[in-house]
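Letter by letter, the chains look like this.
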Amino acid sequence: MRKIAESVYWVGVVHWDRRLFDSLVPLPDGTTYNAYVVQGSEKTVLIDAVDPEFVQTLMTYLDGVERIDYVVSQHAEQDHSGAIPQVLARFPEAKVMATAKAKPMLMDLLNIPEDKFVVVADGETLSLGDKTLKFIHTPWAHWPETMSTYLAEDRILFSCDFLGSHIASSDLFVTDKCRVHEAAKRYFAEIMMPFRNILAKNLDKLAEYDIAMVAPSHGQIYDSPGWIIEAYREWVSAPPRNLVALPYVSMHGSTARMVDHLTAALAERGVQVELFNLAVTDIGKLAMALVDAGTIIVGAPTVLAGPHPLAAYAAFLANALRPKAQYLSVVGSYGWGGKTVETLAGMIPNLKVEVLEPVLCKGLPKEETLEALNRMADAIAAKHRESGFRD
Ligand code: FEO
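Fair warning: this is a prediction, and the values are worked out from it, not measured in the lab.

Here we look at the packing of aromatic side chains
Phase 1 of the analysis: Applying the stated criterion across every chain, the model contains 11 aromatic pairs.
Phase 2 of the analysis: With 5.4 Å between their ring centres and 85° between their planes, F162 and Y232 make a pair best called edge-to-face. Separated by 70 residues along the polypeptide, F162 in the loop between β15 (156-160) and α5 (177-192) and Y232 in helix α7 (residues 226-237) bring together distant segments of the chain.
Phase 3 of the analysis: Residue classification places Y232 among the buried residues on the basis of a relative accessible area of 0%.

See below:
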């Protein structure tokens, strides 16, 4: 056990070589599954568990613990809950404290018997003797049942996925703020972004607390947490930036030429662009750009009468992540026809965007294609100015 405060210990796992989460999300820097033991003068609590792959590591830590009275399960996803059944088997007196929504999920996912649960209401407290836990429901960070836990005497917020980052490190506390900022933004973009409105309310709730330390369940612990809470406020609530996110794919180079021309035209007009060649890109980088972008342009060649499947994947992802962007369009080349724009437009019902005039061309881009791209760049620059997007 590694001490993080008086009678508070980290009992987690560093998963250095994990490279994919949910068979979907890239983890270039690995991750950790953080669990914590809080030993009060009367009761001892385990806050979250670890991914079931590492249950033995957790159990080895817990060999040094005489008794666990409660397991606080802040989130039912298995990377934090998966080892709870083994903890309950080792400490049969322990009860699982969870929200009313988490309880049936934990029963479904892990076959934990109903009589093991104590359901905790929002704002409910638990005395451990000389320490007090307060349960703060923080729904949709990032499942409906999620909560955080505030250790009042030490002013520690255990936040689970909320405010976390996927970084594997032997340092328990943040040592490189820039690196953690990027990883935390990536994590926000990939799983939290669709729930911005509710997260804003969760951040308002946290503002009532004097927080000296944020101990998430992934990544490093924040011993000076003001900046990560402020970063979340910006990602959640700030207006979009003067930025175009441009995911594209090109089969024979025509769409790539259009994308290059549009990128240069936007740059000349003072609009920042981030390009993502979907054939090779890290999808997490695209998600991060979507946190800020005022406009999304999809570069999609037509294949089999519709958008290239990689472009369709980008549209599907953007629709699921519900970014702040207010404008969207499509550029691309086709061979003889098809319904690329109609198909892509039908894939983004969640996005509240104004669709700008697309630019399609048959075969190689011609002079009129480049002029149309210039007009698109003019329109985007004007829209960004009118909308007051930040540089
Ligand atoms: Fe880290 Fe949503 O689990």
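So, the domain arrangement of the protein chain
Phase 1 of the analysis: Assigned domains of the protein chain: these are domain 1 (2-237) and domain 2 (241-386).
Phase 2 of the analysis: Here the C-alpha centre of domain 2 lies 38 Å away from the C-alpha centre of domain 1.
Phase 3 of the analysis: Contact residues are listed per partner, giving 15 residues for domain 1 and 16 residues for domain 2.
Phase 4 of the analysis: Between domain 1 and domain 2 lies a buried interface of about 1300 Å² when both sides are counted; carbon and sulfur atoms form 59% of it.
Phase 5 of the analysis: Put simply, domain 1 and domain 2 have four salt bridges between them.
Phase 6 of the analysis: Across the pair D282 and R186 runs a salt bridge, and its minimum N-O distance is 2.6 Å.
Phase 7 of the analysis: Counting across the domain 1 and domain 2 interface gives seven residue pairs in polar contact (both at pLDDT 80 or more).
Phase 8 of the analysis: Counting residues per element, the ones that place at least two in the side of domain 1 that touches domain 2 are α5 and α7.

Let's talk about the sheet that holds strand β13 (residues 132-137)
Two strands in a sheet stick together by hydrogen bonds in their backbones, pointing the same way (parallel) or opposite ways (antiparallel).
Phase 1 of the analysis: An order of β12-β13-β14-β15-β16 is seen for the five strands of this open sheet, with the pairing classed as mixed. At either end of the open sheet lies a strand with only one pairing partner, and these are β12 (125-127) and β16 (213-216). Neighbour-to-neighbour, the strand axes of this sheet turn through a mean angle of 20°, independent of strand direction.
Phase 2 of the analysis: As judged from the four bridges shared by β15 and β16, these two strands associate in the parallel manner. Bridged to F158 within β16 is A215.

Comments concerning empty space enclosed by the protein
Phase 1 of the analysis: Taken as a whole, this structure holds four cavities of 30 Å³ or more when the rule is applied.
Phase 2 of the analysis: By volume, the largest cavity is sized at about 120 Å³.
Phase 3 of the analysis: What lines the largest cavity is a set of 15 residues, and nearest its centre among them are L328, V330, L344, A345 and I348.
Phase 4 of the analysis: Considering only enclosed or pocket space, the second largest cavity measures out at about 60 Å³ in volume.

Notes on the nonpolar core
Phase 1 of the analysis: With 62 residues, the main nonpolar core has L163, F188, I228 and Y232 as its most contacted residues.
Phase 2 of the analysis: The dominant element in this core, judged by the number of residues it contributes, is α5, at eight residues.
Phase 3 of the analysis: If you count residues domain by domain, this core takes at least three from each of domain 1 (2-237) and domain 2 (241-386).
Phase 4 of the analysis: Non-local contacts of L163, meaning those with residues more than four positions away in its chain, are made with L157, L206, V214, P216, Y222, I228, I229 and Y232.
Phase 5 of the analysis: Core analysis: the next-biggest nonpolar cluster, separate from the first, contains 31 residues, A83, F91, A94 and A98 among them.

Regarding the pairing of β13
Each regular strand shows side chains that alternate between the opposite faces of the sheet.
Phase 1 of the analysis: As judged from the three bridges shared by β12 and β13, these two strands associate in the antiparallel manner. Paired with S127 across the bridge in β13 is T132.
Phase 2 of the analysis: Hairpin connection, β12 to β13: the antiparallel pair is bridged by four residues, and G129 has positive phi, about 105°.
Phase 3 of the analysis: One ladder, built from five bridges, connects β13 with strand β14 (residues 147-151); its direction is antiparallel. Directly across from L133, in β14, lies its bridge partner L151.

Rules and cut-offs
Throughout, a residue's number is its position along its own chain's written sequence, starting from 1. Where local features are concerned, this predicted model is filtered to residues with pLDDT of at least 70; where side-chain atom pairs are given and counted, the filter is 80 or more; whole-chain, interface and lining totals use all residues. Side-chain measures here rest on the full set of heavy atoms in the structure, leaving out hydrogens and waters. Aromatic rings from Phe, Tyr and Trp, taking only the six-membered ring of Trp, are treated as a pair when their centres fall within 6.5 Å; an angle between ring planes under 30 degrees marks them as stacked, one over 60 as edge-to-face, and anything in between as tilted. Each helix is a run of DSSP H or I of at least 4 residues and each strand a run of E of at least 2, with the numbering of both proceeding from the N terminus. The cut-offs for exposure are 20% and 50% of the maximum accessible area for each residue type, with area from a 1.4 Å probe on protein chains only; residues under the lower value are buried, those over the upper are exposed, and the others partly exposed. Each domain's extent is set by a domain assignment, obtained either automatically or from a database. The contact criterion used throughout is that any non-hydrogen atoms of two residues lie within 4.5 Å. Once two parts are brought into contact, the accessible area they lose, counted with a 1.4 Å probe and summed over both, makes up the buried area. A carboxyl oxygen of Asp or Glu within 4 Å of a side-chain nitrogen of Lys or Arg is what we treat as a salt bridge. Nitrogen and oxygen atoms within 3.5 Å of one another constitute a polar contact, given that in protein one can donate a hydrogen and the other can accept it, and given that sequence-neighbouring residues count only through two side-chain atoms. For two strands to count as paired, DSSP must find a minimum of two bridges between them. Whenever a helix is involved, its axis is fitted only over the stretch in contact; in every case the axis is a line through C-alpha atoms, and angles between N-to-C directions fall within 0 to 180 degrees. Two kinds of site are reported from a 1 Å grid over the protein atoms alone, namely cavities, where a 1.4 Å probe fits but cannot get out, and pockets, open sets with protein on both sides within 12 Å along at least five of seven lines, and residues are called lining when an atom falls within 4 Å of a point. Grid points are joined across faces, edges and corners, and a volume is the space filled by probe spheres set on the points. To define a nonpolar core, start from buried Ala, Val, Leu, Ile, Met, Phe, Trp, Tyr and Cys residues and group those joined through side-chain atoms within 4.5 Å.

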